[in-house]
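Observations on the three-dimensional arrangement
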Amino acid sequence: MPNRADQAWELGTFACRADLIDLSQLGDAIGLLAKSPGDSLLDVLIQLGHLNEQDISLLMALWTQRDSESSRSTARKSKLEMWERESQGRPSTLDRSAISISDQRFEILEPIARGGLGQVSLALDSQLNRKVAVKSMLPKNRNDAISQHRFLFEAEITGELEHPAIVPIYGVGIQEDGSPYYAMRLIHGRNLREVVDEFHRSTSDQERFSSMGFRRILSKLIDASHAIEFAHTKNVIHRDIKPSNIIIGENGEAFVVDWGMAKRLSPDADESSETLFANQEDATLTEFGDFDLTHGEQILGTPAYMSPEQAGNQSDVIGPLSDIFSLGATLYFILTNKSPYSDKTPQANLMNAVAGKFDPPRQLLSGIPIPLEAICLKAMANSKELRYQSVFAFIEDCERWLGDEPISAWKETSIQKFWRFVRRNRTLSQVVLAALSLIAVTAIGFSILLKGQMDITKSEKDKAIALAEQKTTLANEKSTLAEEMTRLANEKAALADKVRVSLNEANSQNKLALSTLRNVVWNIQRKLKPIDSAQSVRRDLLDQALAGLDRVAKSLDSKTEVDRASVLAHNELGMIYLTVGNADGKDGLALAIKHFELARSIGLSMADGQPGAIQPQRDVSITLEHLGDAQMEMGDYDKAEQTYRESLGISVEAEKKHSGDGTLVRDIAFGWEKVGNNLLQRGNVSGARDSYIESQKAFQSLLDKDPTNVDLRRDCVVALSKIGNIYAQESNWEKAAQAYRVCLERTQKEAESGNEKIQTRDRSVLHNKLGDALRQAGKWDEAAIEFEAGLKIAEHNLELAPESSTAQRDLAISFIYTADVSVLRKDLDRAESLFLQSLRIRKSLVENDPNNFADHIEVVINLSKLGKLEQQRANVPQSMVHFAEARKELLALNQESIDAVPEYRNLRNEINASLQQIRQ
């Protein structure tokens, strides 16, 4: 018989094997024991606090149990060792010695369900007068220490995982016969298997996956998946996820139950450190096709829903990804109403599970949505690396499908993206589909009209030739046929008039068709380009539009006549290609230049043939303006300037020959404006100013002759406003303010006279520009008056159009301008109120259009201004809050876009510097 010291040593080392202490704690005790050899290992462990009195009681019970079972088979001992290894993450804190004998609080009423390890009964909680569920051990397991340990482990795990989708534990106790039990919430409901069975029986194939019933079931799987995700964050895996272990309550709540096969992982361990344990000799067939080996001899779980690694008992790789496989298998059952492995024999199911061999869901039911099958197959991938790497990723794809959004497991085609866009944007889709139809009809109609025009021309020419031949023949006849010749001559003249009328009508229809097509393309770009989700649709529409344009271009190539209709057609084609541009891999700008040059070539030929006519000269001048626009878009600014000046020169020379022609003077005014825009783009501010002044002079000369022309009055205001902008760029604030003030006076008169060409927004913008010029000039009080006037107009405009993003932005700008001058005038309370109102508008715009970079920047600017204002007030905490939020917003944006603009880089540097200064 071993002496006390030997027994203490054995008990101490046994405590490590029983997972009551770990190796490092045992090492600490042995190290201390070497310095004090007179002590016992057990006493040292208690002295170090690694064991307490309850631990000693449990240790002695386990030691006694080990001795009483020493005669059992070697296989039985190996199972105990496997169980001990499985608890390596940390020992169970639920101790029999800490559980009191039942005080009859829970009165058993009737059994509810029975499993391999225990039985669930309906019971009455005498303390709180409520019905609960009580789980107790089956008689055959009551004297088995391992079964008791696992039973208590299940209670501990379930109690530890406090989650809405996990049944709460109310208490643990020991029955009079010595076996443990635990009480939990009583759930009235059905398991997911029963719900899915009923759903598939009661719905037709056509409506099954589009019904609300299916969406509810999928949402319950998502709720259950959240519980599994929560368990994984607590280093616990379930290992027996299946439809029958998900309960749907009467009120629609979902619960994951039966955590008896759960495994606690070490917080520092990876999946390679896991072990499995099984402790019963028998296996039970619990439901058709689902052979429950939860308590089998070697394997834990239900083969019909097992991952290959779990079915193959690959204990070194079983982990959270195995639970994800079982969630995918549960989704498989929801989709097909069959388990993935549903052979007639459990052995065949297990073999199929080991091999991961199952039929794809759509092979069983072709109506299953492809994205849902993709989610299912990704979760059930044989290779762990190909599965979802977290339950959250699985949940996210399921939720994205419910929200009709693209999923990560499956790449949509362009057509599928298009129909998704149609479903989610009903109003805009109607515009897009109408545009699509109009493009096809317009392109085909143009080709038909052009061919008809050519047929008419050829037919009429043939008739004219025949008449001419007939006239020649008749001319050789006797003089008695003179009257017939006269008649034929008159008929020829009438026929020529008919030809001209037919050609003019055809040309007008052709021009209308191309103009319509240009408007369609412009609308496609304007309405769809700002919407990220509509880009594939926009590209498809542009492709079809370009295909229609190609047919039109080929029709023009086959036309041999040099006429104005060809000039106009090439010009229209060039404008359409200019609208398309070079985005999305299109070569629109090069094609635009090609057609403009063709229009110029034809136009020059016609102008040479009619040197005294104005219209051919104007056609060439207008074509050159369009060509210059395309060259500007290509970035060829030097060539664009030459083209603009050539266009302007034609208009000037034509006006010299036809002095005072208002149309030519207007062309000259717009020509100088084009030159000014080009020079300003190239940084030649003084040259741009001179060009704008010439443009304004031309407009003013026309207005002096026709002072009632509302279009000319507005053109003069716009030209003068551009001059004011130039003065502002040159920091000539006095002249800028003078120009803006004249513009305001004129717009005010126009508004009072009822001129609808002048918009109230024009006056709001001019008030802000004038106010800024005055502020820069140091005239803060005058600036405040202008800003307040602009603010009042902006508020009125928003009241008229509350949904208009332009009106919202205008008001936000007015708030900022007015706040800035309020800061200068030391009215900080007024400034803060205005800054906050502007910030609310900007945040609302960002929320409605998250991809609008400019609105994001304005939010940052607002926050930065608030931070500076609080600095002036010496309110350091609030200033830091604003600057920190501004920095967070700025960092969330594309940093390449920030780096590309000096103003934005300076903004970022100012915010960082302010934060650093505050923190110091």
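Heads up: the structure comes first, above all this text.
Below is a short write-up of the structure. Every value quoted in this text rests on a predicted model; they were computed, and no experiment measured them. (Residues numbered from 1 in each chain as written. Predicted model: local features only at pLDDT ≥ 70, side-chain atom pairs only at ≥ 80, totals over all residues. Heavy atoms only, no water.)

Bringing the packing of aromatic side chains into the picture now. Tallying each qualifying case throughout the model produces 11 aromatic pairs. Where phenylalanine 214 meets tryptophan 401, the ring centres are 5.9 Å apart and the plane angle is 85 degrees; that geometry is what we call edge-to-face. Of this pair, phenylalanine 214 sits in helix H8 (residues 212-233) while tryptophan 401 sits in helix H14 (residues 391-402); the two residues are 187 residues apart in sequence, bridging distant segments of the chain. This pair shows no difference in class: phenylalanine 214 is buried, exactly as tryptophan 401 is. Each ring, one from phenylalanine 787 and one from tyrosine 817, has its centre 5.0 Å from the other, and the planes form 5 degrees; the classification is stacked. Separated by 30 residues along the polypeptide, phenylalanine 787 in helix H28 (residues 780-800) and tyrosine 817 in helix H29 (residues 805-824) bring together distant segments of the chain. (Phe/Tyr/Trp six-rings, centres within 6.5 Å; stacked < 30°, edge-to-face > 60°. Helix = DSSP H or I, 4+ residues; strand = E, 2+ residues; numbered from the N terminus. Buried < 20%, exposed > 50% of the residue type's maximum accessible area, 1.4 Å probe, protein only.)

What follows concerns the sheet that holds strand E6 (residues 189-191). With antiparallel pairing, the three strands of this open sheet are ordered in space as E6-E8-E9. Only two strands of the sheet have a single neighbouring strand rather than two, namely E6 and strand E9 (254-256). Within this sheet the neighbouring strands show an average axis-to-axis angle of 25 degrees, counted without direction. Contacting E6 and strand E8 (246-249), helix H7 (residues 192-202) crosses the sheet at an angle of about 85 degrees to E6. (Pairing = 2+ DSSP bridges. Axes fitted to C-alpha atoms, helices over the stretch in contact; angles between N-to-C directions. Contact = heavy atoms within 4.5 Å.)

This paragraph deals with the side chain of arginine 763. With respect to the helices, strands and loops of the structure, arginine 763 is situated in helix H27 (residues 760-776). Arginine 763 gets classed as buried once you look at its relative accessible area, which sits at 15%. Of the polar contacts made by the side chain of arginine 763, one reaches the side chain of glutamine 748; its length is 3.5 Å. (Polar contact = N/O pair within 3.5 Å; in protein donor to acceptor, adjacent residues only side chain to side chain.)

Even without being glycine, aspartate 258 reaches a positive phi, approximately 60 degrees. Within the fold, aspartate 258 resides in the loop between E9 and strand E10 (263-264). The phi torsion at serine 731 lies on the positive side, around 60 degrees, for a residue other than glycine. Since its relative accessible area comes to 46%, serine 731 is described here as partly exposed.

Here we come to the packing of H28 against H29. Between H28 and H29, the shortest axis-to-axis distance is 9 Å and the interhelical angle comes to 155 degrees. Between H28 and H29, the interaxial angle falls into the category roughly antiparallel. Crossing of H28 over H29 shows left-handed handedness. Taking contact as the criterion, the partners of Trp780, Ala783, Ala784, Phe787, Glu788, Gly790, Leu791, Ala794, Glu795, Asn797 and Leu798 in H28 are, on H29, Ala807, Gln808, Asp810, Leu811, Ser814, Phe815, Tyr817, Thr818, Val821 and Leu824. (Parallel < 35°, antiparallel > 145°, perpendicular 65-115°, else oblique. Left-handed = near helix turned anticlockwise from the far one by under 90°.)

Another aspect to go through is the pattern of salt bridges. If you walk through the whole model with that rule in mind, you get 37 salt bridges. The residue aspartate 240 makes a salt bridge to lysine 242 at a minimum N-O spacing of 4.0 Å. For the pair formed by aspartate 240 and lysine 242, the shared burial category is buried. With a shortest N-O distance of 3.4 Å, arginine 873 and glutamate 870 are connected by a salt bridge. (Salt bridge = Lys/Arg side-chain N within 4 Å of Asp/Glu carboxyl O.)

As a further point, take the state of the cysteines. Counting across every chain of the model gives zero disulfides. Not part of a disulfide, cysteine 398 finds its nearest cysteine sulfur in cysteine 376, a span of 9.4 Å. Summary of cysteine pairing: cysteine 716 is not part of a disulfide, and the nearest cysteine sulfur, belonging to cysteine 743, is at 9.8 Å. (Disulfide = S-S within 2.5 Å.)

Nothing here speaks to function; it is all geometry.
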